Amino acid sequence: MSEKEKTLSVKHIDVEDPAIKKRNLWFFPLGTVGRDMVYTMFTSFIYLFVLYTKELTDGQVVAITMIMVAARIFDAFNDPIMGNIIERTRTKWGKFKPWQLAGALSTSVVLYLAFNTKLTGWSFVVFFGVIYFLYSITYTMNDISYWGMIPAVSRTSDSRNQFTARTTLFAGVGATLAGLLIPMFTAGKLQLGGNSSSAYGIIALVVGILCPLFILFTLLGARENRDDMEKPADRVSFKLIAETIFGNDQLRWMVLIYLIHQIANNLIIGGIGANYVYFRYGYEGGLYSLFSTVGMAATALLMVFYPAISRKLNRKKFLKVLLCVAAAGCILMLVSGLVMPANMMAFWTLTIGYMLLAFGLYGFHLILMISIFNTVEYNELKKGSRREGIITSIRPFITKLGCALVVVLTSLCYLLFRVTDYTNKIASFEQAANQNLITTEMKNAEIAYVIQNIGSGQSIGMLLFMVIVPFVLLLCSYLLYIRFYKLDEEKYAQILSELENRSKTNQTTE
């Protein structure tokens with residue numbers, strides 16, 4: 001049998017069987033907790049690690065920005081190819097799980113190396129380039145194979161809502177844990193090791209161990225439908241990838257809509273939010289932990305109750321509600337920084353505002369993910385092939401591309417408002433403490449003096465940047481979705497019915 005004709009005889013698994021579905025609804029989502037701790041640490045804190053442990057020239061900031069963007073362009077080819085490779089994988093463990101394990105183990109090693117380097121200057125920039133590209137490769141193995149399983153563990157609209165919502169909830173648990181603990185233990189009174197370099201290194205080790213441990217829940221506990229593995233696997237080719245993306249009009253629109261939204265969704269947590277809190281309220285990681293954790297708290301409720309909400313309110317109407325909530329959050333955030341003095345009342349106003357904005361952003365995120373997954377059946381109806389590995393690989397690719405654009409905007413913000421003038425001073429004291437040249441107490445006193453002398457222009461500029469830009473992008477994604485995305489609940493149910501009738505007709509003919 002040639003490679004093109006290679007198939008695998010598999011036992012049919014009815015993932016909608018109540019017992020299997022109940023099991024999958026726990027074991028599949030649990031696998032993402034460790035993954036999202038890694039993802040949050042690398043995407044949301046790698047730049048902060050660089051800013052607060054390395055002294056950077058403007059040229060080095062630009063070089064690091066270009067590295068991140070280049071890595072995401074690399075992912076433009078890497079992600080869909082990985083999705084196609086997964087489609088061709090034929091093992092007794094399925095096509096998804098081998099890549100989940102390989103990706104989790106290798107990503108953990110890369111994470112540890114990234115946050116445990118003493119290199120400085122241009123030597124560090126070169127190292128950063130190598131390690132960032134390695135992360136792009138290893139995390140892609142795991143991420144695409146993990147999210148690609150959702151269409152294989154859910155075969156109805158209601159099931160897909162449940163799996164997407166619960167998996168996003170557990171992803172949020174991992175991201176929230178990382179967002180809570182990393183700043184708390186890398187800046188301020190609870191800083192591990194007495195300096196940021198040591199603290200980030202210790203946390204990277206712990207997170208790197210947790211990632212493969214959590215993915216074992218999915219590997220050993222979840223069961224997916226593998227019927228498509230009985231069909232010959234398509235050859236890996238750019239032509240096939242291009243045909244899948246450009247031959248599916250609904251997927252094409254979702255690429256643009258999701259990209260715009262991802263920039264809005266990640267701009268605050270990409271570094272600007274942390275620096276704004278540090279500059280306005282003090283270099284205390286516990287404050288940023290409160291800001292990010294409380295800000296994300298309402299999204300957990302959304303993920304829990306979305307399946308019930310979706311039965312009462314269609315997606316397009318719910319998006320309008322989410323947009324209004326996000327607008328209210330933006331207003332509160334602006335009031336906290338432009339009208340109120342820098343006290344705890346202003347901090348909590350800022351935090352509650354971010355909670356409302358995050359509720360709107362993550363609600364959009366959930367609905368847009370489901371909308372991408374639903375193009376799998378649309379593709380099956382139009383083209384006769386699901387190609388779920390390729391289609392679901394588009395989501396992480398857009399996420400990574402969006403994060404790259406976030407880095408560009410973040411770096412632009414830092415350069416415009418001279419943020420690195422102050423972070424370089426803080427980094428110099430962190431380095432001195434790491435080399436035992438000064439005590440932790442002396443370091444903290446010097447950093448407090450730096451923070452006290454930051455001008456109001458820096459904090460106000462960052463506030464306007466991190467509030468107005470995300471909301472404008474969120475509004476754009478809403479208008480495009482309402483205008484161009486056609487696979488609403490009624491249309492999707494019609495597609496499922498047509499596919500079922502087609503299957504029955506084929507079985508009768510055979």
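Refer to the preceding data block for the structure.
Residues numbered from 1 in each chain as written. Predicted model: local features only at pLDDT ≥ 70, side-chain atom pairs only at ≥ 80, totals over all residues. Heavy atoms only, no water.

1. Some remarks on helix H8 (residues 196–221)
Next up, step 1: Between its first and last C-alpha, H8 extends 38 Å over 26 residues, near the 38 Å set by a 1.5 Å rise per residue.
Next up, step 2: The N-cap of H8, judged by a side-chain oxygen 3.2 Å from the amide nitrogen of Ser197 a few residues on, is Asn195. (Helix = DSSP H or I, 4+ residues; strand = E, 2+ residues; numbered from the N terminus. Expected span 1.5 Å × (residues − 1). Polar contact = N/O pair within 3.5 Å; in protein donor to acceptor, adjacent residues only side chain to side chain.)

2. A look at helix H1 (residues 18–30)
Next up, step 1: Over its 13 residues, H1 extends 19 Å from the first C-alpha to the last, a length consistent with the 18 Å expected when each residue adds 1.5 Å.
Next up, step 2: Buried residues of H1: Ile20, Lys21, Asn24, Leu25, Phe28 and Pro29, and no others. (Buried < 20%, exposed > 50% of the residue type's maximum accessible area, 1.4 Å probe, protein only.)

3. A short note on the nonpolar core
Next up, step 1: In this structure, Met41, Phe115, Phe128, Phe279, Leu350 and Met466 are the most contacted members of the largest nonpolar core, which totals 146 residues.
Next up, step 2: Among residues more than four places away in sequence, those in contact with Phe128 are Ile46, Val50, Ile64, Ile67 and Met68. (Core = buried A, V, L, I, M, F, W, Y, C linked by side-chain atoms within 4.5 Å. Contact = heavy atoms within 4.5 Å.)

4. Some points on the packing of helix H11 (residues 268–281) against helix H19 (residues 456–484)
Next up, step 1: It is at 9 Å that the axes of H11 and H19 come closest, and there the two elements cross at 150 degrees. The angle between H11 and H19 falls in the class roughly antiparallel. Note that H11 runs across H19; the crossing there is left-handed. Along the contact surface, H11 presents Ile268, Ile272, Gly273, Asn275, Tyr276, Phe279 and Arg280, while H19 presents Gln458, Ser459, Met462, Leu463, Phe465 and Met466. (Axes fitted to C-alpha atoms, helices over the stretch in contact; angles between N-to-C directions. Parallel < 35°, antiparallel > 145°, perpendicular 65-115°, else oblique. Left-handed = near helix turned anticlockwise from the far one by under 90°.)

5. A few points about the pattern of salt bridges
Next up, step 1: One pass over the structure, following the stated rule, counts 7 salt bridges.
Next up, step 2: The shortest N-O distance in the salt bridge between Asp249 and Lys382 comes to 3.5 Å. Of this pair, Asp249 sits in helix H10 (residues 249–266) while Lys382 sits in helix H15 (residues 375–383), and the two are 133 residues apart along the sequence.
Next up, step 3: Judged by its relative accessible area of 22%, Asp249 falls in the partly exposed class.
Next up, step 4: With a shortest N-O distance of 3.3 Å, Lys443 and Glu430 are connected by a salt bridge. With Lys443 in helix H18 (residues 440–452) and Glu430 in helix H17 (residues 419–434), the pair connects residues that are 13 residues apart, well separated along the chain.
Next up, step 5: Overall, the relative accessible area of 0% leaves Lys443 in the buried class.
Next up, step 6: Among the residues examined, Glu430 registers a relative accessible area of 0% and is labelled buried.
Next up, step 7: Each of Arg35, Asp36 and Asp143 takes part in one network of salt bridges that share partners. (Salt bridge = Lys/Arg side-chain N within 4 Å of Asp/Glu carboxyl O.)

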